[in-house]
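Chain and residue survey
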Amino acid sequence: MTTSAEWELVIGLEVHVQLKTDSKIFCGCATSFGEDPNANTCPVCLGLPGALPVLNAKAVELAARTALALGCTVQPVSVFARKNYFYPDLPKGYQISQFDRPIALAGWLPAGPDARRIGITRVHMEEDAGKSIHDRFPGWSAIDLNRAGTPLVEIVSEPDLRTSAEARDYLQRLKEILEYTEVSDANMEEGSLRVDANVSIRPAGSETLGTKTEIKNMNSFSNVERAIEVERLRQIGLLERGERVVSQTLLWDADRGQVRPQRSKEESHDYRYFPEPDLPLLALSAEWIEAQRSALPELPAARRERLQSAFGVSAYDAGVITADRALADYFEEVCAAHGDARVAATWVMGEVLAWLNNNRSAIRDFPITAGRLARLLDLVRDGTLSRTAAKKVFDLLLHESGEPRVIAEREGLVQVSDDTALEIWVDAVIADHPAEVERLKGGEKKLLGVLVGQVMKRSGGRADPKRVNQLLAVKLGG
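Residues numbered from 1 in each chain as written. Predicted model: local features only at pLDDT ≥ 70, side-chain atom pairs only at ≥ 80, totals over all residues. Heavy atoms only, no water.

**Considerations on the overall build of the protein chain**
Of the regular secondary structure elements, the protein chain holds 15 helices and 16 strands. Taking 23 Å as the expected radius of gyration for a compact globule of 478 residues, we find that the protein chain reaches 30 Å, considerably beyond that expectation. When the backbone C-alpha atoms are referred to their principal axes, the protein chain occupies close to 90 × 60 × 50 Å. Within the protein chain, buried positions represent 47% of all 478 residues. As displayed, the protein chain has an accessible area near 23300 Å², and 51% of this comes from carbon and sulfur atoms. Side chains of the protein chain give 58 positive and 69 negative charges; the mean places of these two sets differ by 2 Å. (Helix = DSSP H or I, 4+ residues; strand = E, 2+ residues; numbered from the N terminus. Rg over C-alpha atoms; globule rule 2.2 N^0.38 Å. Buried < 20%, exposed > 50% of the residue type's maximum accessible area, 1.4 Å probe, protein only. Areas by Shrake-Rupley, 256 points an atom, 1.4 Å probe, with all protein chains shown as cover. Lys, Arg positive; Asp, Glu negative; His and termini not counted. Charge placed at Lys NZ, Arg CZ, Asp CG, Glu CD.)

**Topic: the nonpolar core**
Residues L13, I103, V123, M125, I155 and Y170 are the most contacted members of the largest nonpolar core, which totals 67 residues. Among the elements that line this core, the one with the most residues is helix α1 (residues 57–69), at 7 residues. Sequence-distant contacts of L13, that is, excluding residues within four places in its chain, are made with I155, V156, S157, L161, A167, Y170, L171, V195, D196 and A197. One finds A328, A341, F366 and A370 within the second-largest nonpolar core, a separate group that totals 39 residues. (Core = buried A, V, L, I, M, F, W, Y, C linked by side-chain atoms within 4.5 Å. Contact = heavy atoms within 4.5 Å.)

**Description of the packing of aromatic side chains**
By the definition in use, this model includes 7 aromatic pairs. On the basis of an interplanar angle of 5 degrees and a centroid distance of 4.0 Å, the ring pair of F99 and Y273 is categorised as stacked. Taken together, the positions of F99 in the loop between β5 (94–98) and β6 (104–111) and Y273 in the loop between β14 (258–264) and β15 (274–275) put the pair 174 residues apart, joining distant regions of the chain. Classification of F99 as partly exposed rests on a relative accessible area of 32%. Aromatic pair Y330 and F366: ring centres 5.9 Å apart, planes at 85 degrees, arrangement edge-to-face. (Phe/Tyr/Trp six-rings, centres within 6.5 Å; stacked < 30°, edge-to-face > 60°.)

**Observations regarding the pattern of salt bridges**
Taken as a whole and assessed by the stated rule, the structure comprises 34 salt bridges. Residue E290 pairs with R293 through a salt bridge whose shortest N-O separation is 3.2 Å. Linking E290 with R293, this pair stays in helix α4 (residues 286–294), spanning 3 residues, or about one helical turn. Taking the relative accessible area as the measure of exposure, E290 reaches 39% and is therefore partly exposed. Residue R293 is classed as partly exposed on the basis of its relative accessible area, which comes to 39%. Ionic pairing is found between E332 and R303, a salt bridge with its closest N-O pair at 3.1 Å. Remark: R303 occurs in helix α5 (residues 300–311) and E332 occurs in helix α7 (residues 325–338); sequence separation between them is 29 residues. Judged on exposure class, the residue E332 and its partner R303 are both buried. Each of E298, R303, R306, D329 and E332 takes part in a single network of salt bridges with overlapping partners. (Salt bridge = Lys/Arg side-chain N within 4 Å of Asp/Glu carboxyl O.)

**Comments concerning the packing of α7 against helix α9 (residues 370–381)**
Where α7 meets α9, the closest approach of the two axes is 8 Å, and the angle between their N-to-C directions is 45 degrees. In terms of axis orientation, α7 runs oblique to α9. Read as a crossing pair, α7 and α9 show a hand that is right-handed. Across from Y330, E333, V334, A337 and H338 in α7, the residues of α9 making contact are A370, L373, A374, L377, D378 and R381. (Axes fitted to C-alpha atoms, helices over the stretch in contact; angles between N-to-C directions. Parallel < 35°, antiparallel > 145°, perpendicular 65-115°, else oblique. Left-handed = near helix turned anticlockwise from the far one by under 90°.)

**Some details on the layout of surface pockets**
If a probe as big as a water molecule is rolled over the atoms, it shows which places are left empty. The volume enclosed by the second largest pocket comes to roughly 1200 Å³. For the lining of the second largest pocket, the secondary structure elements donating two or more residues are α2 (164–180), α3 (221–240), α7 and α8 (341–359). Considering every element that reaches the lining of the second largest pocket, the biggest residue donor is α2, with 4 residues. Grouping the constituent residues of the lining of the second largest pocket by class yields 11 nonpolar, 8 polar and 10 charged. Viewed by domain, the lining of the second largest pocket spans two of them, domain 1 (12–202 + 267–292) and domain 2 (297–410), each represented by three or more residues. (1 Å grid on protein atoms, 1.4 Å probe; cavity = no way out; pocket = protein on both sides within 12 Å on 5 of 7 lines; lining within 4 Å. Points joined across faces, edges and corners; volume = space filled by probe spheres on them. Nonpolar A, V, L, I, M, F, W, Y, C, P; charged D, E, K, R; others polar. Domains from an automatic or database assignment.)

**Topic: the side chain of E231**
Along the chain, E231 falls in helix α3. Residue classification places E231 among the buried positions, given a relative accessible area of 0%. Within the structure, the side chain of E231 is placed 2.8 Å from the side chain of T213, a separation counted as a polar contact. Contact partners of E231, with chain neighbours within four places excluded, come to V199, T213, I215, L250 and V259. (Polar contact = N/O pair within 3.5 Å; in protein donor to acceptor, adjacent residues only side chain to side chain.)

**Brief notes about the sheet that holds strand β4 (residues 80–84)**
Strand order in the open sheet made by the 3 strands is β5-β4-β15, with antiparallel pairing throughout. On the outer flanks of this sheet lie β5 and β15, each paired with one strand and no other. Of the pairings in the sheet, the one linking β4 to β5 comprises 5 bridges and is antiparallel in character. Paired with K83 across the strands is Q95, a residue of β5. (Pairing = 2+ DSSP bridges.)

Structure below.
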């Protein structure tokens, strides 16, 4: 019998991304989230007779930038098509999408610990459907068409992913790019980024693809990873029992950790695609395409490399800092104002991220500006504050708007380097710890650090530890 270790997992991902436009793709209705049901609708997105679509130029611009950021080739001519199927939240009975001539082809993203190159087959534009609501009215289903007509791009990968963890890493890198380029807010909770996973298995070493299933209804990257792993084991179990995998669409039940069948999986001919007669060809000039390429910001991978080479930041720290564009911007502002990138990275990776994680907040909500944090770090560098005192000032800066130096002076935290004051604390510690003093004189040099710590404690963290060390060494012959 074949063991699970002798099966190879094959994954392809289809990622639907809502573009960050103010209006829908074929009409002027707003795309704002959270409005009353069916408030953002008009004859076009309701599919009423005689209503004609007009393409949103901003949606085309954002779709092209998405494709270029993923290394795709933007096609000079693409075609919109009708994808015909019946579903209650699809008012026209068809979806305007792109089929055999999409806006872009052939890109890639690295994924996994080895940063393997994962192919991207295509990026195409389409309109979103509405939303069916099944749990608000017992025994009834309701339809909210606010989302109908919202502009989307669908990013279709090659079946190049081999583990559920690799699929999650691919999605995280993709989300970073979407946020850096500002083409989408990529908010999975609001449905701005939705993932379908095509999953199959085959004997290890085989080049023939197995029968695939498609998993839908995944609202987080962790759920994508869990669902793929559950489906992998389900398919292996079927084949090892001599049964066959059926090509079907599956829904992921996160509460039960199960997949369940929704319907048999459609093929392209089931949708009866044909060119959309109410929209012309989408023709993009070479100059226009290059203008979109020039408008791209520095992408996450390039920024990680720059932080390591120019700032001396570790690969791990660079990865964490650049995972969020706004956090990376904040870090670079601190660096520019303070000058020491490694110190800035230590504080951003430590105190700043701890606050963000504990408060489940984004850096835009962080109460300490980059300039104020830089000025706090300046006080540590010039010896005005010890690191212990600086942490106390940091905690106060979280709740008030004053300057670090003013707060430090008010709280009596400014570091003392005057020998007269330091010697009072040093002499007191020597008197209070005769046993440690004798052992230090007898050769236990590590006790010098213990005595320094006692002086720092006695001074409330205000003593200059470097000068305390020197004074102790002189007094005790260390």
